[in-house]
Amino acid sequence: TTAKGVRAAQHMAIAASRIVRVECPVSELILGLKCGSSDTTSGLASNPAVGVAVERLVAEGGTAILGEVTEVIGAEHLLAKQCRDEGVARDLLKLVERMESRVKAMGVDMRGGQPTPGNIKGGLTTIEEKSLGAIAKIGATVLQAVYEYAQAPKVKGLVFMDSPGREPELLTGMAAAGANLIVFTTGRGAPQGFPFVPVVKVTGNELTWNRLQDHMDLSVHGVMEGEESLKQAGARLYEKLLETASGVETKAEVSGYVQAMDIYVTGPVI
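Let me begin by describing the structure that accompanies this report.

1. A word on the overall build of the protein chain
If you tally the helices and strands in the protein chain, you get 11 helices and seven strands. Compactness check: the protein chain gives a C-alpha radius of gyration of 18 Å against a globular reference of 18 Å for 270 residues, within 12% of the reference. Across its three principal directions, the C-alpha atoms of the protein chain cover 50 × 50 × 35 Å. A total of 270 residues make up the protein chain; the buried ones form 49% of that total. The long-range share in the protein chain, meaning contacts at least 24 apart out of those at least 6 apart in sequence, stands at 67%. Carbon and sulfur atoms form 56% of the exposed surface of the protein chain, whose accessible area is close to 13,100 Å². Between the centroid of the 27 positive side chains of the protein chain and the centroid of its 31 negative side chains there is a distance of 5 Å.

2. Focus on the nonpolar core
If you look at the biggest cluster of nonpolar residues, it comprises 64 residues, and the most contacted ones within it are Leu33 and Phe160. Here the element with the most residues in this core is helix H4 (residues 86-104); it accounts for seven residues.

3. Considering the environment of glutamate 249
Counting through the fold element by element, glutamate 249 comes out in the loop between helix H10 (230-245) and helix H11 (251-255). Sequence spacing of glutamate 249 and glutamine 213 is 36 residues, and the spatial spacing of their C-alpha atoms is 14 Å.

4. Some words on the pattern of salt bridges
In this structure the tally under the stated criterion is 12 salt bridges. Put simply, glutamate 68 and lysine 137 hold a salt bridge, and the shortest N to O gap is 3.9 Å. Linking glutamate 68 in the loop between strand S2 (63-66) and helix H3 (76-81) with lysine 137 in the loop between helix H6 (127-134) and strand S3 (143-147), this pair joins segments that are 69 residues apart in sequence. Accessibility expressed as a relative area gives 1% for lysine 137, which makes it buried.

5. What about H10?
In this model, H10 (16 residues) spans 22 Å end to end at C-alpha, consistent with the 22 Å of a helix rising 1.5 Å per residue. Inspection of H10 places Ala233, Gly234, Leu237, Tyr238, Lys240, Leu241 and Thr244 among the buried residues, and these make up the whole buried set. On an axial view of H10, the arc spanned by its buried residues comes to 165°, and they lie on one face. Packing partners of the buried residues in H10 comprise strand S1 (30-36), helix H2 (40-59), strand S5 (181-186), strand S6 (199-203), strand S7 (218-219) and helix H9 (222-225). Among the residues trailing H10, glycine 247 stands out with phi positive, at a value near 120°.

6. Regarding the packing of aromatic side chains
Scanning all chains against the criterion turns up two aromatic pairs. Taken together, a centroid distance of 5.3 Å and an interplanar angle of 70° make the contact between tyrosine 149 and tyrosine 264 edge-to-face. A residue pair is termed long-range when its members are at least 10 positions apart, and tyrosine 149 in the loop between S3 and strand S4 (157-161) and tyrosine 264 in the segment after H11 qualify at 115 residues. Per residue, the accessibility class of tyrosine 149 equals that of tyrosine 264, and both read buried. Centroid distance phenylalanine 194 to phenylalanine 196: 5.0 Å. Interplanar angle 70°. Geometry classified as edge-to-face. Using a relative accessible area of 57% as the deciding quantity, one classes phenylalanine 196 as exposed. Lying over the aromatic face of phenylalanine 184, lysine 201 brings its terminal NZ or CZ to 4.2 Å of the ring centre.

7. Some words on the side chain of glutamate 68
Of the residues examined, glutamate 68 reaches a relative accessible area of 1% and is grouped as buried. Apart from the residues within four sequence positions on either side, glutamate 68 is in contact with Leu33, Lys34, Cys35, Lys137, Phe160, Met161, Ser163, Pro164, Gly165 and Leu170.

8. A word on H4
Residue pairs spaced three or four apart in an α-helix point in one direction, given the helix's 3.6 residues per turn. Helix length check: H4, at 19 residues, gives a terminal C-alpha distance of 26 Å against a target of 27 Å (1.5 Å per residue), a fit within 8%. Residues Val88, Ala89, Leu92, Leu95, Val96, Met99, Glu100 and Val103 constitute the buried set of H4. What you see down the axis of H4 is that its buried residues fit within an arc of 125°, all on one side. When the buried face of H4 is taken as reference, the exposed residues oriented beyond 90 degrees from it are Glu86, Lys94, Glu97 and Lys104. Turning to H4, the residues buried within the fold contact H3, S3 and S4.

Cut-off values and rules
- Residues numbered from 1 in each chain as written.
- Predicted model: local features only at pLDDT ≥ 70, side-chain atom pairs only at ≥ 80, totals over all residues.
- Heavy atoms only, no water.
- Helix = DSSP H or I, 4+ residues; strand = E, 2+ residues; numbered from the N terminus.
- Rg over C-alpha atoms; globule rule 2.2 N^0.38 Å.
- Buried < 20%, exposed > 50% of the residue type's maximum accessible area, 1.4 Å probe, protein only.
- Contact = heavy atoms within 4.5 Å.
- Areas by Shrake-Rupley, 256 points an atom, 1.4 Å probe, with all protein chains shown as cover.
- Lys, Arg positive; Asp, Glu negative; His and termini not counted.
- Charge placed at Lys NZ, Arg CZ, Asp CG, Glu CD.
- Core = buried A, V, L, I, M, F, W, Y, C linked by side-chain atoms within 4.5 Å.
- Salt bridge = Lys/Arg side-chain N within 4 Å of Asp/Glu carboxyl O.
- Expected span 1.5 Å × (residues − 1).
- Arc of directions from axis to C-beta.
- Phe/Tyr/Trp six-rings, centres within 6.5 Å; stacked < 30°, edge-to-face > 60°.
- Lys NZ or Arg CZ within 6 Å of the ring centre and 35° of its normal.

Structure representation (structure tokens):
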């Protein structure tokens, strides 16, 4: 199996080496959305700034993929209101119900509970609080469709993909679905990138920016200080995304922190 996988990768690498860079419109961008190692600044600054950028990208014909089912629990009723129609809303709520059923089967109820230890250290108190901040990454954009893990979008605009919150599985699913750029907000400083899709790291925490400038690509901490509006921060981020899509390397690519990837499975591997 390993040998077959290596040969398949070789053929794909050879095919990729023949690709010549050409000019493309913004409408060809498929942007994956991720937040991790979140803190209070994530829901107040970096995630809403991403929401501004997503609104602009979708308005110009691009596509954005929102994931992390565990990070909409408690806010799914609000996200459902942004769905294109009742059918899409039902599909979204089914994903939440399916995820919760798996968790309850392990004897755990996520609602009203605490988020991850890292989120707690960042000042977040409940999974609902985390979710309210997480869905800010889409702004007021309408959700057009819901897909299974790693399924490529068949429509333009904002879509939702079934996926966990853990970075390697989420980023791998986004890449498999066709994302050619990923924006990753982090409050406390999650540094990882991805092997073959650029990951732009954004923080709203000034302390994180000062300590981890070799990992962070953009800071919007001015929003927290009242020195910059969310609209201004979102505009700067949008330009950064276009710059990265045009070939400028991310901090993760420069440092080589791009090795983590994994595949999300919901049952036993046979």
